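# Results of the structural survey
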Amino acid sequence: MASSVRRCVAAAVALLSYGAAAQTYTSCNPLSSTCPADTALGMEIDVDFTQGEVNSFTASGTPTYGSDGATFTVRQKGDAPQLTSVFYIMFGRVEFSLKAAPGAGIVSSFVLQSDDLDELDWEWLGSDAPEVQSNYFGKGITSSYNRGQFHQMANNQDDFHTYVLDWTSDRTVWEVDGTAVRTLEASEAEDNQYPQTPMQVKFGVWAGGDPSNPPGTIDWARGPTDYSQGPFSMSVRSLKVTDYSTGSSYSYGDNSGSWQSIRSDDGRINGNEGGAGTLTTTAVASGSTSTSTANVPAGIGGSSSSGSNSGSSSLPEGWVMTSEGKIVPAGAASSHRIYPAIFIVTLFATLFSCRIFLP
C-alpha cells in the first residue's frame, strides 16, 4: 500500500511540474528514445466537472469548479491554467461542452497531443466570438502553417456549445453542435504528418496576445492583450472520452511514429473501434479558410518560464479508472459502482458475526 501511494504521489508531482509553455515540449520523444509506456484509458468515461475536480486530470495553474464546470482564468501576465489527462487514447472520440473566453489576444484551447508531438487542436480567439479554429500537426513539425482552418459558428462566448473530435486511423472529424465543420483524411495529410500515436487530452486558456510573445503569435491571437480589461475565463462543463483501443498501456514498437508500430499491453489497437458507435452528424459546414499565412503555435501556449510537456504517467498498482473519470482502488471501484448497499450490509453482518464490535 505504501509503495502504491508513493508511486501515485510521484506521478502527480511529475505531472504538476509540467506547467504551460510557449512551445510544445515532450519529456521523452519515442522517435529518438526508448520511452516508458503510456497509461491507456482503454474504455469510455463521462466527466461532469460541475461536480468538482477528478483525479484523472492534473492541473497547472488554478482551475476552479462550480456550476459552469471547470473554469480557467487569465488575470495577469503568465496565467495559463490547464488540465491534462493522466491517460492516453489510441484513436477515439472526445466530446465536450465548452464556453470560450473573451478578450483580445486570449486563446481558449482544447488539444490532443502525443509524446512524439502528433497533435489535433480546437482553438477559440477571444477577439472573434463567432469563430473557431481547427488544426493539426505531426511529429512536432511546425515549419509550415498550412493546416489550420477557420469555421463560423454561433457566439461561443455567451453560452456552451458541444464540440467533438472523432479520430481514427483513416480520418479525423471536427464537429460543432452536430455539424461536421472539417474532415481530414489520412491520405490527404503530408507524408507522416497525420496524427496517429497515443494522445493525452489537454485544455486551458492563455494569452497569445501577451506583448512579450513573438509578433506573429500576437497577430494570430489578434492581440495585444490588455490585462486591465480582464479577468478572462473559459469553462468546460462536461467531457466524454472514448478510447477506440483497449488495454492498460500503449508503447512504441519502433521509432517510426506510425500507428502500426504502437503496441497495447493486455488489449488491442482499434479493439473498441467497432463498439464505439457511428459519428452522428446533422449537417456539414462549408466556407472554411486556411490559416496558411498565420503563425499558429503548436500545443497550448503560455508562460515561457515553465514547460508544457507531453509525457508518460502511470496509475498506481491496483488502482483503476471509473466511468466518471475517477481513479480509485480496484475494490472500491467495483463495490461502490455496483453494490454499495449490499456491500455495506454484508460488511457489518460479517463484522457482527465475528464479534468485532463486542468486548
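Just so it is clear, the structure is predicted and the values come from calculations on it, not from any experiment. (Residues numbered from 1 in each chain as written. Predicted model: local features only at pLDDT ≥ 70, side-chain atom pairs only at ≥ 80, totals over all residues. Heavy atoms only, no water.)

### What about the environment of V94?
Test applied: To qualify as a helix, a DSSP run of H or I must reach at least 4 residues; to qualify as a strand, a run of E must reach at least 2; elements of each kind are numbered from the N terminus. Two residues form a contact once any of their heavy atoms are found within 4.5 Å.
Note that V94 resides in strand β8 (residues 92–99). As for V94 and L239, which are separated by 145 residues in sequence, their C-alpha atoms are 7.3 Å apart. Other than its neighbours up to four places away in sequence, V94 contacts I89, F110, L112, Y163, V164, L165, L239, K240 and V241.

### Observations concerning the state of the cysteines
Worth spelling out the cut-off: Throughout, disulfides are identified as pairs of cysteine sulfur atoms within 2.5 Å of each other. Buried means the residue's accessible area, taken with a 1.4 Å probe over protein chains only, is under 20% of the maximum for its type, while exposed means over 50%, and partly exposed covers the values in between.
Within the structure shown, the criterion is met by one disulfide. Note that C28 is cross-linked by a disulfide to C35, the S-S spacing being 2.1 Å. Measuring the twist about the S-S bond at about -90°, one finds the C28-C35 disulfide to be left-handed. The buried category is assigned to C28, whose relative accessible area is 19%.

### Examining the packing of aromatic side chains
For clarity, the threshold we go by: A pair of aromatic rings is counted whenever rings of Phe, Tyr or Trp (Trp by its six-membered ring) have centres within 6.5 Å, and the orientation is called stacked for planes under 30 degrees apart, edge-to-face for over 60 and tilted otherwise.
If you walk through the whole model with that rule in mind, you get 16 aromatic pairs. An angle of 5° between the planes, with centres 3.7 Å apart, marks the rings of F96 and F110 as stacked. Taken together, the residues F96 in strand β8 and F110 in strand β9 (residues 106–114) connect sequence positions 14 residues apart. Each member of the pair, F96 together with F110, is buried. An angle of 20° between the planes, with centres 6.2 Å apart, marks the rings of W122 and W124 as stacked. The class for W124 is buried, based on a relative accessible area of 0%.

### Describing the nonpolar core
What counts here: Buried Ala, Val, Leu, Ile, Met, Phe, Trp, Tyr and Cys residues that are joined via side-chain atoms within 4.5 Å together make up what is termed a nonpolar core.
F49, F110, W122, F203 and L239 are the most contacted members of the largest nonpolar core, which has 58 residues in total. Among the nonpolar cores identified, the runner-up in size contains six residues, and V107, L125, W220 and A221 belong to it.

### Brief notes about the pairing of β8
In plain terms, the rule: One bridge is not enough; two strands pair if DSSP finds at least two bridges between them.
Counted residue by residue, β8 has seven buried out of eight residues, so it is predominantly covered. With seven bridges connecting them, β8 and strand β13 (residues 161–167) associate as antiparallel partners. When the bridges of β13 are listed, E95 appears paired with V164. Pairing analysis gives eight bridges linking β8 to strand β17 (residues 232–243), with the strands arranged antiparallel. Bridge pairing links G92 to D243 in β17.

### Some thoughts on the environment of S169
Along the chain, the position of S169 falls in the loop between β13 and β14 (171–176). Counting along the chain gives 77 residues from S169 to G92, while the straight-line C-alpha distance between them is 9.6 Å. The contacts of S169, once residues within four sequence positions are left out, are F91, A186, Y194, W259 and N270.

### Some points on the side chain of T172
Our working definition: Nitrogen and oxygen atoms within 3.5 Å of one another constitute a polar contact, given that in protein one can donate a hydrogen and the other can accept it, and given that sequence-neighbouring residues count only through two side-chain atoms.
With respect to the element layout, T172 can be found in strand β14. Looking at T172, its side chain comes within polar contact range of the side chain of Y194, at 2.9 Å. With residues up to four places along the chain from it excluded, the contact list for T172 reads L120, L165, D166, W167, R182, T183, L184 and Y194.

### Looking at unusual backbone geometry
A negative phi holds for most residues other than glycine; trans holds for most peptide bonds. Going from G223 to P224, the amide bond is cis rather than trans, its omega being 10°. Topologically, P224 is positioned in the loop between α2 (215–221) and β17. That bond from G230 to P231 is cis: its omega, 5°, falls within 30 degrees of zero. Considering the arrangement of structural elements, one finds P231 in the loop between α2 and β17. With phi around 65°, F91 is a residue other than glycine that occupies positive phi space. Tracing the backbone shows F91 in the loop between β7 (82–85) and β8.

### Focus on the side chain of Q193
Relative to the helices and strands, Q193 is located in the loop between β15 (179–185) and β16 (199–207). Within polar-contact distance, the side chain of Q193 engages the backbone oxygen of G138 at 3.2 Å. In this structure Q193 touches Y136, F137, G138, K139, I141 and R147, once residues within four positions along its chain are discounted.

### Looking at the pairing of strand β11 (residues 131–137)
Across the seven residues of β11, seven count as buried, placing the element largely inside the fold. Taking every second residue as pointing to the same face, both faces of β11 are buried, with E131, Q133, N135 and F137 on one and V132, S134 and Y136 on the other. The sheet contact formed by strand β10 (residues 119–125) and β11 spans five bridges and is antiparallel. Directly across from D121, in β11, lies its bridge partner N135. Hairpin geometry of β10 and β11 is characterised by an intervening segment of five residues between the two adjacent antiparallel strands. Strand direction decides the pairing type here: β11 and strand β12 (residues 149–152), joined by four bridges, are antiparallel. Bridging across to β12, V132 finds its partner in H151.

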